[in-house]
Amino acid sequence: MKIAHFSRWGFLMAAAGSAVGLGNIWKFPYITGEYGGGAFVLVYLLTVAVVGFSVMIAEMLIGYLGRRDGVGAFEELAPRHKERWKYAGFMGLSGTLVMFYYSVVIGWIFYYITLSFGTLPASIPEAEGIYNTLMTQGLGTQIFFHTLAFIIITAVLVRGIKGGIEKFNLILMPALMMIIAGMLIYAMNLESFTKALSYMFVPDWSKLTSEAFAVAVGHAFFTLSLGMGAIMIYSASLAKDSNIVRASLFVIATDTLIALAAGLVLFTFLFQYGAEPAKGPGLVFISLPSVFHAMGLVGNVLAVLFFVALAFAGLTSSVSLVEPMVQYLIDRWNMSRVKAAVSMGVFFYVFGIVAILSLYSGTAEYFTWGGKSFFDWSDYMTSNVFLPLAGLVMAIFVGHVIEKERVAAVLQEHMGWFYPIWRFSVRYIAPVALFFVMLNLIGVIEF
Ligand code: TRP
């Protein structure tokens, strides 16, 4: 199998592009708002540092040593029972299922970019009206913008690692960082910035319920793109002699900084104009647009920039969610890249339409089971089941199955004294944490 190599920056931008996504700019601020701020943020940061970092290295290592599609990498690295470990690799292909709703949300963002050029909603109820109308009645609008997302993502995947994924990330990621940095500087000059700072960083432990705790840990994994083969498949294209410890640090630092910056910007704006921080998923689509309206013309400029940044974040992550399946089809089914990318594109496109129908007032009842729409199920299953489960299996695989010497040969030199600590974390802390969090997230246990 031939796998093209990323350039050094190309890899860092692609891996950071995967990690920085809707999770950072859309989800992180609203769950922080829902679960009460500071304490939630601290649990999240702690998980990223302790568990996220060790699993990130583990996942990069599987890709880097395996040098092939996710399923092949497990087969290649398992010292015995190769046929069984192959199934662990299949779990890493579940990213495409995230796309069922992810692409739809990118569609909404495109729609909000177009709105930002005109008159923004003047009040929260008006903004709510626009959002709800889009969800429940805007069938054509949603399908149109979902189609646009599908075309862009598929076009990038068709062009492959070098000409597609690397190039796309090398352009979009720096642009995204500049927009967020610019908005942060703007927010710093507003009076409410200090309020946003204390909201996000001064913990109120009484607000930390067990659910908040599990959600914080779960989000730490989601935002780092762990457990779904994305980081793994990119690492299969890392040049030999790369330092995956340093690369992990870079990706984690970038992801965390962008999430924190996005949170600070949003909360500053919300506090400055008296909007509620705990607004749920509608935070950036309801509260924020009315805040932008209150800012006048500057608000329109900020709105366009904000939604463009959000779209960029979503698109670069999307590419990484589908690439594992594309590479799998190329390697295992001998498909051409074009055919593989287009089939996977059509696959998530069609289910994306089902997700749209599951929100649309005329058809919602046919696509809702157990009180959850198909849209919600796709989020629920991927974030709460597949992702922690695959993360758990990866940690066990690297910690207990791959020969010690093989792991040490790559990592020890780059890690030094930290190596035993990392190993302990991958072998014990990460699996135990993931196991309990998963049980909590799917409602089996409470703690
Ligand atoms: N990390 C992305 C975000 O924060 C989502 C994502 C992209 C992802 N690739 C992934 C999540 C792979 C899990 C696995 O939005």
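Residues numbered from 1 in each chain as written. Predicted model: local features only at pLDDT ≥ 70, side-chain atom pairs only at ≥ 80, totals over all residues. Heavy atoms only, no water.

### Looking at the overall build of the chain
Just so we agree on the cut-off: Secondary structure follows DSSP: runs of H or I at least 4 residues long count as helices, runs of E at least 2 residues long count as strands, and numbering of each begins at the N terminus. All radius of gyration figures rest on C-alpha atoms, and the globule criterion is 2.2 Å times the number of residues raised to 0.38. For the exposure calls, accessible area comes from a 1.4 Å probe over protein chains only, and a residue counts as buried if that area is under 20% of its type's maximum, exposed if over 50%, partly exposed in between. Residues count as neighbours in contact if any of their non-hydrogen atoms are within 4.5 Å of one another. Accessible areas in this description were obtained via Shrake-Rupley with a 1.4 Å probe; residue shielding takes into account the shown protein chains only. We score Asp and Glu as negative and Lys and Arg as positive, and we do not count His or the chain ends. Charge positions come from single atoms, namely NZ of Lys, CZ of Arg, CG of Asp or CD of Glu.
Across its full length, the chain holds 19 helices and two strands. Expected size for 447 residues packed as a compact globule is a radius of gyration near 22 Å; at 21 Å, the chain falls within 12% of this value. If you line up the chain on its principal axes, its C-alpha atoms span 65 × 45 × 45 Å. Taken over 447 residues, the chain has a buried fraction of 62%. In the chain, 82% of the contacts between residues at least 6 apart in sequence involve partners at least 24 apart. Total accessible area on the chain stands at roughly 16,900 Å², and carbon and sulfur atoms take up 66% of it. Distance between charge centroids for the chain: 11 Å, based on 25 positive and 24 negative side chains.

### Describing a nonpolar patch on the surface
What counts, and what does not: Surface patches are drawn from residues lacking salt bridges whose relative accessible area is over 30%; two like charges belong together within 9 Å, two nonpolar side chains (Val, Leu, Ile, Met, Phe, Trp, Tyr) within 5 Å. By definition, a salt bridge exists where a carboxyl oxygen of Asp or Glu is found within 4 Å of a side-chain nitrogen of Lys or Arg.
Together, V338, V342, V346, F347, V350 and F351 make up an exposed nonpolar region whose accessible area comes to about 440 Å². Looking at the element boundaries, F347 is found in helix 16 (residues 337–357).

### Describing the site of the ligand
The line we're drawing: One heavy atom suffices: a residue is near a molecule or strand as soon as one of its heavy atoms comes within 4 Å of it. Nitrogen and oxygen atoms within 3.5 Å of one another constitute a polar contact, given that in protein one can donate a hydrogen and the other can accept it, and given that sequence-neighbouring residues count only through two side-chain atoms. Three residue categories are used. Nonpolar comprises Ala, Val, Leu, Ile, Met, Phe, Trp, Tyr, Cys and Pro, charged comprises Asp, Glu, Lys and Arg, and polar comprises the others, including Gly.
For the ligand, the set of nearby residues contains 17 residues, the closest of which are A19, G23, Y102, F222 and S225. Here S18 contributes a backbone N or O atom positioned 3.3 Å from a nitrogen atom of the ligand. A19 is positioned such that a nitrogen or oxygen atom in its backbone is 3.0 Å from a nitrogen atom of the ligand. For the ligand, the accessible surface in isolation is 360 Å², of which the surrounding protein chains cover 100%. Among the secondary structure elements, those contributing two or more residues to the shell around the ligand are helix 1 (8–19), helix 2 (22–34), helix 11 (210–223) and helix 15 (297–332). Here the shell around the ligand is built from residues that sort into nine nonpolar, eight polar and no charged.

### Describing the pattern of salt bridges
If the charged atoms of two oppositely charged side chains come close together, the side chains can form a pair. Under the criterion given, the structure shown has eight salt bridges. Between D379 and K27 there is a salt bridge whose closest N-O contact spans 3.6 Å. Residue D379 is located in helix 17 (residues 374–401), and its partner K27 is located in helix 2; the two are separated by 352 residues in the primary sequence. Put simply, E323 and R337 hold a salt bridge, and the shortest N to O gap is 2.8 Å. Of this pair, E323 sits in helix 15 while R337 sits in helix 16, placing them 14 residues apart in sequence. Comparing E323 with R337 shows no difference in burial state: the two are buried. Linked by salt bridges that have partners in common, R68, E76 and R406 make up one network.

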